[in-house]
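Commentary on secondary and tertiary structure
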Amino acid sequence: MTVPVTLQGARERRVRTGGVELCVAELGDPGQPTVVLVHGYPDSKEVWSEVAPRLADRFHVVLYDVRGHGRSTAPKPLRGGFTLEKLTDDFLAVADAVSPDRPVHVVGHDWGSVQSWEFATVKRTEGRIASFTSMSGPSLDHLGHWINKRLKRPTPRRVGQLLGQGAKSWYVYALHTPVLPELAWRGPLGKRWPRMLERFEQVPGGTYPTSSLPTDAAHGAWLYRDNVRARLRHPRTDAYAHAPVQLITPLGDAFLSERLYDELESWVPQLTRRTLPAKHWIPRTRPDQLVDWITEFVTSVEGGRPDGVTASGKYADRFGGQLILVTGAGSGIGRATAYAFAEAGARVVAVDRDAEAAARTAQMSRLIGAPEAWAETVDVSDEQAMEKLAEKVATEYGVVDVLVNNAGIGLSGSFFDTTPEDWKKVLDVNLWGVIHGCRLFGRQMAERGQGGHIVNTASAAAYQPSKALPAYSTSKAAVLMLSECLRAELADQGIGVTAICPGFVNTNITSTARFAGVDAEEEKRRQKKTARLYGLRNYPPEKVADAILRAVVRGDAVVPVTPEARGAYLMSRFTPKALRRIARLEPPL
Ligand code: NAD
């Protein structure tokens with residue numbers, strides 16, 4: 001039999017165990033730590049074809065077709081042949097064959113992860129597993145306890161979580177019906193599946209899935225039938241992990257709720273959490289990210305530092321490894337935001353028209369936790385420069401996971417003092433800069449089809465009129481409305497949009513803001529006075545950065561930051577007349 005082109009260069013062997021023969025493939029140097037990749041349902045080991053060769057540069061990589069899948073033989077009879085106990089026998093047989101003297105690092109996706117949870121929590125595998133990376137497949141025991149807790153002690157939140165996961169599990173009920181799933185997979189569903197994966201999961205076409213799919217899927221239905229009901233009814237009470245676990249959760253998973261893992265720390269003493277904006281089939285859609293995380297985790301466990309892999313920030317599990325682009329990152333709110341993401345272990349692209357300032361932000365980001373950080377010098381109002389930037393970022397760093405359109409300039413002065421040039425400048429940067437960012441990076445996010453988030457820095461001035469800031473406020477009101485419209489448009493694609501509306505924040509903006517209708521000397525005086533007032537108010541940009549990260553995690557739409565911004569927001573909704581009266585007051589300059 002020929003080796004499928006998708007796993008070219010792999011060495012193959014057959015491992016006999018419990019009446020079946022498993023097809024095992026190996027890549028890389030057997031002297032290196034062994035990483036065993038376990039595929040899910042309906043899949044074969046080729047689901048790892050983008051991940052395995054990349055890992056093989058550093059590790060001894062082993063993949064096998066689960067019994068009844070790919071080129072492994074199926075148990076006879078099928079019923080009762082797929083229990084977690086038998087799957088554990090298979091795993092141990094493979095591990096003994098490929099790495100008899102050293103424990104192996106297990107990586108499981110979907111059902112590969114479900115069964116690997118069994119491997120990582122039963123007594124007889126103790127000492128054979130060095131670490132476990134789990135993606136999109138919970139332990140059935142943990143799931144059983146999760147459900148029981150919600151049934152026994154229901155609160156509105158818990159009932160909501162239960163119903164939410166229940167709705168996502170429709171296919172599990174379907175797979176428990178006799179014969180029909182087999183007929184569907186061997187018939188129309190099997191034929192359409194590759195196209196469905198492309199359409200709903202944005203899985204790139206090509207050599208995956210392999211031609212064994214209909215048989216894999218028909219046999220694999222027994223994974224569910226042999227285990228799910230039995231385990232959920234009687235979950236093991238001792239299902240504690242005996243190896244460090246890395247949990248990778250794609251936030252846009254159509255089959256599994258993120259909430260399933262809320263109580264995981266009580267089962268796993270050494271847990272590293274990672275999330276990424278992605279759908280279910282991450283071995284196909286995000287192989288580079290997975291390779292980075294598996295490499296980092298395995299290397300740190302081998303080095304005796306199972307907990308030393310994540311960044312320290314409070315959002316480390318949320319943004320670690322993600323690609324974040326911040327404009328206006330050379331100062332104030334933008335810089336603080338870049339640092340907050342860096343602290344959370346994100347990869348940061350710091351964009352500013354001030355090259356030196358952007359470079360400093362990138363350098364500092366690396367020092368405080370960003371695994372990679374780059375500086376890009378671009379004027380956000382320059383359409384062509386932004387197009388070039390978007391192209392460069394996509395080819396060199398990847399598709400941005402979180403975009404923060406933050407660059408902005410201040411302009412004060414009455415409407416009649418504000419010249420058309422003044423208007424143009426402020427709209428070009430504050431509005432067009434945001435439009436370019438959303439258009440170019442937002443499109444890349446949408447085309448990738450795995451979700452993401454856009455944050456636009458508006459201002460409390462977006463909803464708080466003032467006779468002193470007509471142009472600035474107009475630009476920010478436009479940013480707020482643009483964010484709301486875009487949020488509606490991108491909601492179905494899993495891309496969140498947030499408008500951040502700070503009040504007075506102590507940054508450099510006060511010394512660079514222009515004052516229309518006054519001479520240079522008067523402008524300097526006013527800049528100094530504003531800087532003094534903002535200094536007295538002394539609201540730090542770091543707090544705005546924190547609000548930005550929190551808003552991304554929660555998917556908030558409009559976020560007023562600072563008490564005065566929150567107050568004005570409430571007034572704009574409930575007592576707009578009072579706000580209009582305040583708008584007529586002379587600014588304190
Ligand atoms: P800041 O002046 O400290 O930082 C702004 C950064 O943006 C600077 O590094 C600057 O070089 C860069 N920048 C300006 N124009 C640019 C352009 N055309 N292209 C690329 N980079 C450019 O100001 P900040 O207070 O941190 O402001 C950040 C954002 O927050 C702005 O959009 C501002 O309007 C908004 N905002 C600030 C306050 C506040 O009180 N500071 C309040 C509400 C909203």
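Residues numbered from 1 in each chain as written. Predicted model: local features only at pLDDT ≥ 70, side-chain atom pairs only at ≥ 80, totals over all residues. Heavy atoms only, no water.

Considering helix α11 (residues 287-302)
For α11, which comprises 16 residues, the first-to-last C-alpha distance of 22 Å matches the rise-based estimate of 22 Å (1.5 Å per residue) to within 8%. Of all the residues in α11, the buried ones are Pro 287, Gln 289, Leu 290, Val 291, Trp 293, Ile 294, Thr 295, Phe 297, Val 298, Ser 300 and Val 301. Where α11 ends, the next residue or the one after it, Gly 304, has phi of about 80 degrees, a positive value. (Helix = DSSP H or I, 4+ residues; strand = E, 2+ residues; numbered from the N terminus. Expected span 1.5 Å × (residues − 1). Buried < 20%, exposed > 50% of the residue type's maximum accessible area, 1.4 Å probe, protein only.)

Considerations on the confidence of the model for the protein chain
When pLDDT is averaged along the protein chain, the result is 94; 97% of the residues meet or exceed 70. Here residues 1-5 scores under 50 on pLDDT; set against residues more than four positions off or in separate chains, the count is 8 contacts. (pLDDT = per-residue confidence, 0-100. Contact = heavy atoms within 4.5 Å.)

What to know about the site of the ligand
Neighbouring the ligand are 28 residues, the closest being Ser 331, Ile 333, Asp 352, Tyr 472 and Thr 507. Between the ligand and the protein, one listed contact pairs a nitrogen atom with a side-chain N or O atom of Asp 379 at 2.8 Å. Its free accessible area being 820 Å², the ligand has 95% of it covered by the protein chains. Of all elements in the fold, only α13 (332-343) and α17 (470-490) reach the threshold of two or more residues within the shell around the ligand. When its residues are assigned to classes, the shell around the ligand shows 13 nonpolar, 11 polar and 4 charged. (Near = heavy atom within 4 Å. Polar contact = N/O pair within 3.5 Å; in protein donor to acceptor, adjacent residues only side chain to side chain. Areas by Shrake-Rupley, 256 points an atom, 1.4 Å probe, with all protein chains shown as cover. Nonpolar A, V, L, I, M, F, W, Y, C, P; charged D, E, K, R; others polar.)

Digging into the domain arrangement of the protein chain
What the domain assignment lists for the protein chain is domain 1 (11-302) and domain 2 (316-583). Relative to domain 2, the C-alpha centre of domain 1 lies at a distance of 41 Å. Of the roughly 1,100 Å² buried between domain 1 and domain 2 on both sides combined, carbon and sulfur atoms contribute 40%. Interface area lost by domain 1 to domain 2 is led by Thr 275, Pro 277 and Arg 286, which between them contribute 41%. Taken together, domain 1 and domain 2 are joined by 2 salt bridges. The residue Arg 286 makes a salt bridge to Asp 401 at a minimum N-O spacing of 3.3 Å. Our count for the contact surface shared by domain 1 and domain 2 stands at 9 residue pairs in polar contact (both at pLDDT 80 or more). Listed by contribution, the elements that provide at least two residues to the side of domain 1 that touches domain 2 are β8 (271-276) and α11. The leading source of residues in the side of domain 1 that touches domain 2 is β8, at 4 residues. In terms of residue class, the side of domain 1 that touches domain 2 is built from 5 nonpolar, 4 polar and 6 charged. (Domains from an automatic or database assignment. Buried area = accessible area lost by both parts, 1.4 Å probe. Salt bridge = Lys/Arg side-chain N within 4 Å of Asp/Glu carboxyl O.)

Notes on helix α2 (residues 84-98)
End to end, α2 covers 21 Å across 15 residues, agreeing with the expected 21 Å (1.5 Å per residue, within 8%). The complete set of buried residues in α2 reads Leu 84, Leu 87, Thr 88, Asp 90, Phe 91, Leu 92, Ala 93, Val 94, Ala 95 and Val 98.

Concerning the side chain of Asn 227
The residue Asn 227 is located in helix α9 (residues 213-233) in this model. Within the structure, Asn 227 has its side chain in polar contact with the backbone oxygen of Phe 82 (distance 2.9 Å). Side-chain polar atoms of Asn 227 contact the backbone oxygen of Leu 223, separated by 2.8 Å. Among residues more than four places away in sequence, those in contact with Asn 227 are Phe 82, Thr 83, Leu 84, Trp 111 and Leu 140.

Some words on the environment of Asp 101
Secondary-structure assignment places Asp 101 in the loop between α2 and β5 (104-109). Separated by 392 residues in the primary sequence, Asp 101 and Gln 493 have C-alpha atoms spaced 47 Å apart.

Side note on unusual backbone geometry
At the junction of Tyr 41 and Pro 42, the peptide bond is cis and its omega measures out at -10 degrees in the coordinates. Structurally, Pro 42 can be placed in the loop between β3 (34-38) and α1 (52-55). Cis rather than trans, the peptide bond between Lys 76 and Pro 77 has omega equal to -5 degrees. Tracing the chain through its elements places Pro 77 in the loop between β4 (60-64) and α2. Of note, the phi angle at Thr 562 is positive, near 85 degrees, even though the residue is not glycine. Topologically, Thr 562 is positioned in the loop between β17 (558-561) and α21 (563-574). Residue Thr 562 is classed as buried on the basis of its relative accessible area, which comes to 0%.

Re the side chain of Thr 83
Relative to the helices and strands, Thr 83 resides in the loop between β4 and α2. Taking the relative accessible area as the measure of exposure, Thr 83 reaches 18% and is therefore buried. Not counting residues up to four positions away in its chain, the partners in contact with Thr 83 are Asp 226 and Asn 227.

What about the sheet that holds strand β12 (residues 402-405)?
The strand order across the open sheet built from 7 strands is β11-β10-β9-β12-β14-β15-β17, with neighbouring strands paired in parallel fashion. Either end of the sheet is taken by a strand with one partner, and the two such strands are β11 (373-377) and β17. Strand-to-strand twist in this sheet, taken as the mean axis angle between neighbours without regard to direction, amounts to 15 degrees. Here strand β10 (residues 347-352) pairs with β11 via 5 bridges, running parallel. Considered in β11, the bridge of Ala 350 is made with Ala 375. (Pairing = 2+ DSSP bridges. Axes fitted to C-alpha atoms, helices over the stretch in contact; angles between N-to-C directions.)

Quick look at the pairing of β12
Burial along β12 is two-sided: the residues Val 402 and Val 404 and Leu 403 and Asn 405 are all buried. With 3 bridges joining them, strand β9 (residues 323-327) and β12 adopt parallel strand pairing. Each residue of the ladder has a partner; that of Val 326, found in β12, is Val 404. Here 4 bridges tie β12 to strand β14 (residues 452-457), and the two strands are oriented parallel to one another. Paired with Val 402 across the strands is His 453, a residue of β14.

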